[in-house]
Amino acid sequence: MPDVIQVAQLTKHYPGARGAPPVRAVDGIEFAVRKGEVFGFLGPNGAGKTTTVRMLTGLTRPTAGSARILGFDLATEVTQIKKRIGVVPETSNLYDELSAFDNLVFSMQLYGVPRRERRARAEELLARFRLSEKRDVPFAQLSRGMKRALTVAAALAHRPPLLFLDEPTTGLDVMSARSLRGMIADLRREGVTVFLTTHYLEEAERLCDRIALIVQGRIVALDTVDGLKARLPARPAVEATLADGNGRIAMLRFEGRSVEEATQAALAQAAAEGRQVVALNTPRPTLEDVFVYLTGLSAEVMLAEKGKT
Amino acid sequence: MWRDDLRGMFYIALKDLRAYYLKPPNISWGILFPFAFVLAFAIRNPGELRDLVPGLLALTLLFGTSSMEAIVIVFERRTGALERLLLAPLRLSALLAGKLLGGMAFGLTVTAAVLAIALAAFGVGSVNWPLLILALLLSAAAFSALGAFVSVAVREVFEAQTLANFIRFPMMFLGGIFVPLGSMSPALRVVACLLPLTYAVEALRAAMDGRVTSATALDLAVLAAFAVVLFGAAVRTLARHIE
């Protein structure tokens, strides 16, 4: 499959405050995004995810390096790129004063969608994102989840083959986040390439075909979810659910040189403590395990740092 | 490229008019504010009311074009909405030109209403219409560019209002509306020569009186220069912000 994004040595430095050395927000990253895939860009807050998106979408100029997007050079053909991409920024940023319908129509006007198609396309998007009933409601009066959905709809209004989603589910309630993830999965089925930045490990694991892990402006790993998990050294283990005579439940992890040895250890401990083994599972490594292994950071760092912003 | 830019300009102006400008409080404020000032002056000098019409038009244009425009860009930057325009396939200059057009359209609309009232009250007389239209357009462009520059030069809405008033209020009293340039001290006359409002008032006065001189051409040229320089400065400033 051809690459829709090719990035080489992309770098963004910001001047340091009061004579301090420059801040290396993004430091010579390289990657390629294939047509039709959901490409995850995963990392803690401040790792350089949003700066990378801002460079690739023409919002800020790289300090060094190059990128080709949909075959166009980012340095010289940024307008051609902008015509063909959709961008959902971290903040839902449509116009508070305009209705849901008018916001979609304005997006299409900016991107040159022919007048005869605008109305039908806006209605189609409202229906698809379950916002038809809110057609004439000003953006300011929509719920947070609806605002997010409408922001995604506006980014898709001109039918871009490549969509950038920057932290799409941050701050959403469970149902809205779930609904949005469903929409992203639908887009993938329709052949839209999605560049997704997120700090939610589970979200990345569920949605992405491949994931680049970025820490302190550098990509530390890039692979499929299974490929990333395969990097973990094998540590056979079982998770045992134990119950005592009073019905109290505890879940413990046992490791060994083999699964059998770990199982024996679990059974031995249960017998020694007079507890019953209710369930035994062989845990599969998660992306969180990979993140901890590759970065040396705890997975909580992602959420804790995000919570500060 | 040009087609994309022109389309973007047009729709940005249209969106700004719908979303911000054409709200009843803006329209009434845009007309009432200059009238209130002129009325206050006219009560003291009732015989000179007709002479104040060019100044009233210039004042309406100044506040009509720049009041909202000085806020719109900084407001959209705060809400993130400006980013939508920066992501659109058009040049930065086209984006700002769209903002400029929105301010001009609103300023010219309220000024047209004031002009209609003034003409109904004092009669058409010897108005030079082509010159009047040209003077109104160039004045609106200069004032709107001033509003755009103020809006990109600051980070907060209250800063934009403060800076805009810091520029506009002295200009109102030194621009030859209430005090003729000839009556000013030489020092104040030099200051008046640095203000776009002065040239707008002079050009509009020539148009209303139907007396075109070589100085009128100079007034129009200076207004055009103000529009170009302030617009260029606004584009450069915004470009620096998004580096």
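All values derive from a computational prediction rather than experimental measurement.

1. Points about the overall build of chain B
And then number 1: For chain B, the helix and strand inventory stands at 10 helices and zero strands.
And then number 2: If you list the helices and strands of chain B from N to C, you get α-α-α-α-α-α-α-α-α-α.
And then number 3: Seen through its principal axes, chain B has C-alpha atoms that stretch 55 × 40 × 35 Å.
And then number 4: For chain B, with 243 residues in total, the buried portion stands at 53%.
And then number 5: Relative to all contacts within chain B whose residues are 6 or more apart in sequence, the contacts with residues 24 or more apart total 81%.

2. With respect to the domain arrangement of chain A
And then number 1: In terms of domains, chain A is made up of domain 1 (3-230) and domain 2 (237-284).
And then number 2: Each of domain 1 of chain A and domain 2 of chain A was reduced to a C-alpha centroid, and the two centroids are 44 Å apart.

3. A few points about the sheet that holds strand β13 (residues 276-281) of chain A
Residues and elements named next belong to chain A.
And then number 1: Strand order in this open sheet of three strands is β12-β11-β13, and the pairing throughout is antiparallel. The outermost strands of the open sheet, each flanked by one partner alone, are β12 (249-255) and β13. Geometrically, the sheet is characterised by an average inter-axis angle of 25° between neighbouring strands, direction not taken into account.
And then number 2: Helix α9 (residues 259-272) rests against β11 (237-243), β12 and β13 of the sheet, and its axis sits at about 20° to β11.

4. Focus on the sheet that holds strand β10 (residues 218-224) of chain A
All names here are of chain A.
And then number 1: Pairing is mixed in the open sheet, where six strands are placed in the order β6-β7-β8-β3-β9-β10. Whereas interior strands pair on both sides, the edge strands pair on one side only; in this sheet they are β6 (85-88) and β10. Put simply, the sheet's adjacent strands are angled 15° from each other on average, direction ignored.
And then number 2: Pairing of β6 with strand β7 (residues 162-166) involves four bridges; the strand directions are parallel. The partner of Ile85 across the bridge, within β7, is Leu162.
And then number 3: This element, helix α10 (residues 287-295), spans β3 (38-42), β9 (210-215) and β10 of the sheet and lies at about 40° to β9.

5. Details of the pairing of β3(A)
Residue and element names in this part refer to chain A.
And then number 1: Burial analysis of β3 places five of its five residues in the buried class, which makes it a mostly covered element.
And then number 2: Because side chains alternate across β3, one face comprises the buried residues Val38, Gly40 and Leu42, and the other comprises Phe39 and Phe41, equally buried.
And then number 3: Bridge count between β3 and strand β8 (residues 193-198): five bridges; the pairing is parallel. Bridge pairing in β8 links Phe41 to Thr197.

Thresholds, definitions, all that
Residues numbered from 1 in each chain as written. Chains lettered and ligands numbered in written order. Predicted model: local features only at pLDDT ≥ 70, side-chain atom pairs only at ≥ 80, totals over all residues. Heavy atoms only, no water. Helix = DSSP H or I, 4+ residues; strand = E, 2+ residues; numbered from the N terminus. Buried < 20%, exposed > 50% of the residue type's maximum accessible area, 1.4 Å probe, protein only. Contact = heavy atoms within 4.5 Å. Domains from an automatic or database assignment. Pairing = 2+ DSSP bridges. Axes fitted to C-alpha atoms, helices over the stretch in contact; angles between N-to-C directions.

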